[in-house]
Amino acid sequence: MSGGNISRKPVNPLKKTAILIFIFIFILTGCKSGVESGRTEKKDTAAANVTEQGTEKNSETKTTESEQISEESISESETTHPETSPETTEPVTSQDVQQPESDITTPWLETSVPQTIPPMQNTEPATEPPTQNQPADSGTPFGSHGRLSVTGTRLTDQYGAAYTLRGISTHGLSWFPDYVNYDMFKQMRDEWNVNVVRLAMYTAEYNGYCTGDMNNRENLKKLIDDGVKYAGQLGLYVIIDWHILSDGNPNMYKNESMEFFREISAKYAGYGNVIYEICNEPNGGTGWGEIKSYAQDVINIIRSNDSRGIIIVGTPTWSQDVDIAADDRINGENIMYAMHFYADTHRDYIRDKLVSAVNKGLPVIVSEFGICDASGNGGINYDEASKWMSLLNQYSVSYVLWNLSNKSETSAMIQSWCGKQAGITYDELSDAGKWFVNFIK
Ligand code: IDC
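No experiment lies behind these values; they were computed from the predicted model shown.

Rules and cut-offs
- Every chain begins its residue count from 1, and numbering advances along the sequence as written.
- Side-chain atom pairs in this predicted model are given and counted only at pLDDT of 80 or more, local residue features only at pLDDT of at least 70, and totals for whole chains, interfaces and linings cover all residues.
- Excluding hydrogens and water, the side-chain figures rest on all heavy atoms present in the structure.
- Here a strand is any run of E in DSSP of at least two residues, a helix any run of H or I of at least four, and the numbering for each starts at the N terminus.
- Residues are treated as being in contact if the distance between any of their heavy atoms lies within 4.5 Å.
- By convention in these notes, a residue is near a molecule or strand provided one of its non-hydrogen atoms lies within 4 Å of it.
- Under the rule applied, a polar contact is a pair of N or O atoms within 3.5 Å (in protein, one hydrogen donor and one hydrogen acceptor; residues adjacent in sequence only if both atoms are side-chain atoms).
- Residue burial considers only the protein chains on display, and all accessible areas are found by Shrake-Rupley using a 1.4 Å probe.
- Residues were grouped as follows: Ala, Val, Leu, Ile, Met, Phe, Trp, Tyr, Cys and Pro as nonpolar; Asp, Glu, Lys and Arg as charged; and all remaining residues, including Gly, as polar.
- The rule is simple: take the accessible area with a 1.4 Å probe, protein chains only, and divide by the maximum for that residue type; under 20% is buried, over 50% is exposed, in between is partly exposed.
- Following DSSP output, two strands are said to pair if at least two bridges run between them.
- Helix axes are fitted to C-alpha atoms over the stretch in contact, other axes to C-alpha atoms as well, and angles between N-to-C directions run from 0 to 180 degrees.
- A right-handed crossover is one whose linking path, passing over the helix from the first strand to the second, runs clockwise when the strands point away from the viewer.
- Any Phe, Tyr or Trp ring, taking Trp's six-membered ring, that has another such ring centre within 6.5 Å forms a pair; planes under 30 degrees apart are called stacked, those over 60 apart edge-to-face, and the others tilted.
- Remark: a charge is flagged as sitting over a ring if the NZ atom of Lys or the CZ atom of Arg is within 6 Å of the ring centre and within 35 degrees of the ring normal.
- Any angle that is under 35 degrees is reported as roughly parallel, and any over 145 degrees as roughly antiparallel; angles of 65 to 115 degrees are reported as roughly perpendicular and all others as oblique.
- Handedness of each helix crossing follows the sense of rotation of the near helix against the far helix: counterclockwise by less than a right angle gives left-handed, clockwise gives right-handed.

(A) Quick peek at the overall build of the chain. Helix and strand counts for the chain stand at 14 helices and ten strands. Within the chain, contacts between residues separated by at least 24 positions form 73% of all contacts whose residues are at least 6 apart in sequence.

(B) The site of the ligand, seen in detail. Taken together, 14 residues sit near the ligand, with Y202, H243, E281, K407 and E409 positioned nearest. Interatomic distance of 2.9 Å between a side-chain N/O atom of E368 and an oxygen atom of the ligand. Here the ligand loses 82% of its free accessible area of 500 Å² to cover by the protein chains. Of the residues in the shell around the ligand, the class split is five nonpolar, five polar and four charged.

(C) Structural view of the side chain of R351. Residue placement: R351 occurs in helix α12 (residues 348-359). Residue class for R351 comes out buried when judged on its relative accessible area of 6%.

(D) Representation of the sheet that holds strand β5 (residues 237-243). As summarised here, the arrangement of the eight strands in space is β3-β4-β5-β6-β7-β8-β9-β10, forming a closed barrel in which the pairing is parallel. Within the sheet, the average angular offset between the axes of one strand and its neighbour, ignoring direction, is 30 degrees. Pairing of strand β9 (residues 364-370) with strand β10 (residues 399-404) involves two bridges; the strand directions are parallel. Across the sheet, V366 pairs through a bridge with Y399, a residue of β10. Packed on one face of the sheet, helix α13 (residues 382-394) meets β8 (335-342), β9 and β10 and runs near 165 degrees to β8.

(E) Just the pairing of β8, in detail. Within β8, eight of the eight residues are buried, leaving the element largely enclosed by the surrounding structure. Residues of β8 alternate between two faces, with I335, Y337, M339 and F341 on one and M336, A338, H340 and Y342 on the opposite face, all of them buried. In terms of strand pairing, strand β7 (residues 311-313) meets β8 through three bridges, oriented parallel. Among the inter-strand pairings, I312 is bridged to a residue of β8, identified as M336. Judged from the five bridges that link them, β8 and β9 form a sheet pairing that is parallel. By the bridge assignment for β9, Y342 is matched with G370. As for the winding sense of the linkage, the β-α-β connection from β8 through α12 to β9 is right-handed.

(F) How the structure looks around the packing of aromatic side chains. Summed over the entire model, instances satisfying the criterion amount to 24 aromatic pairs. With a centroid separation of 5.5 Å and an interplanar angle of 90 degrees, the aromatic rings of F142 and Y237 are classed as edge-to-face. Here F142 is found in helix α5 (residues 141-145), whereas its partner Y237 is found in strand β5, with 95 residues between them in sequence. An identical accessibility class is assigned to F142 and Y237; each is buried. Grouped by ring-pair contacts, the aromatic residues F341, F369, W388, Y399, W435, F436 and F439 constitute a single cluster. Residue placement shows R217 over the ring face of Y209; its charged tip is 4.7 Å from the ring centre. One residue, K434, lies across the ring of Y426, its end atom 5.6 Å from the ring centre.

(G) Looking closely at the pairing of strand β3 (residues 166-170). Burial of β3 is extensive: four of the five residues sit out of reach of the surface. In this sheet, β10 lies alongside β3 in parallel orientation, the contact comprising five bridges. What sits directly across from S169, in β10, is W402. As paired elements, β3 and strand β4 (residues 196-202) share three bridges and run parallel to each other.

(H) Seen up close, helix α14 (residues 431-440). The buried fraction of α14 amounts to seven of the ten residues, a majority that puts the element mostly inside the structure. Taken as a whole, α14 has its buried residues at A432, G433, K434, W435, F436, V437 and I440.

(I) Seen up close, the packing of α13 against α14. Taken N-terminus to C-terminus, the directions of α13 and α14 make an angle of 30 degrees; their axes are 13 Å apart at the nearest point. In terms of their interaxial angle, α13 and α14 are classed as roughly parallel. The two elements α13 and α14 meet at a crossing, and its hand is right-handed. Across the interface between the two elements, Y382, A385, M389 and N393 of α13 pack against D431, W435 and F439 of α14.

Given below as structure tokens:
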């Protein structure tokens, strides 16, 4: 049957072309999107890897600069935390890690970046001084005995019990400023049993307070301030010594003295452990009358600020003529009179003056002495020293040894070859130094 033949409708060639183009475009588009989606996956995986190992990756890809910084950090870390090995624990500094660009939180970053670089190791003295200028540790001299007063010929403590000062004088503060430090004062107190330190400030000799310039003057005041501070922290008594010497008459620099004592008595009035020595050693024929009139004016100034502090007044002939002062005392309370001796020069004749003055009721203090001759040098006279110390003990007279330095002279306590300014060993003490620490311990 012919009607059984299926006749095919011819395809429009235009339509055929359109279909082919469509298929071609479809295939093309599908492949492209497949490639793109594959790339995205790979990128995400890489990003995840970086996030997981961020710290490690960063440390592996440091720049030269950050390597240098890191080396510095290591040496810092070595000095600050010696227990941490720099090989195994590499410190991460803020420079090593890039800061996050946005507010995206990156916990690994936050925890591994130290907020502050560890501080450098402390280069302060071995013993860190207390920050406050408050003495009164009950075990210390001042903590136990408080403000001193003069009662009759003697010093008494805050309970009225007799009290003896035993201590050491600095050399001139301008010559040897470095011994004014906390550790040195602590050693004097703890190892040598000292309860007072005298700060000797020359007025006319080398860089003296009155002969040097203003800058020098400020430096000296600062040293006194430091000395008073360390004494306060350690509960020591401290004598501020207006050390006249070649300026034999204290009236020579009376104005400077009045100004100085006005200032420091205002500053230290409330301390209780500060003692004022207003003229080390009048000499050159300066009579007691001249010293006395100077003293009365300076004392008035001190008293306008500090009504109770102990004041020491030097006496004629390098503070030897206490017997003369005993006959003509200065009005006022809490005043002591200075007697100085150097054992190999000043012997019975001067000891007699001490006995005579004390027997007349004069409160005497040996605010400076040596066991060599009066030049501060020469040989040590142990026998005369022993006679002196027996007498001082007998009359409960306080005493202060000259001098805390390593100057090449017999009276210096420290051997001249020893450059230390604290932590002095017994062998580093001079013969005079050894004698003294053995005597007072
Ligand atoms: C000496 C010093 C010495 C310094 C001299 C200055 O030991 O190094 O060169 O002063 O002139 C004192 C004085 C005291 C003296 C001491 C020894 O108060 O300043 O020190 N001395 O000479 N009076 C008697 C002796």
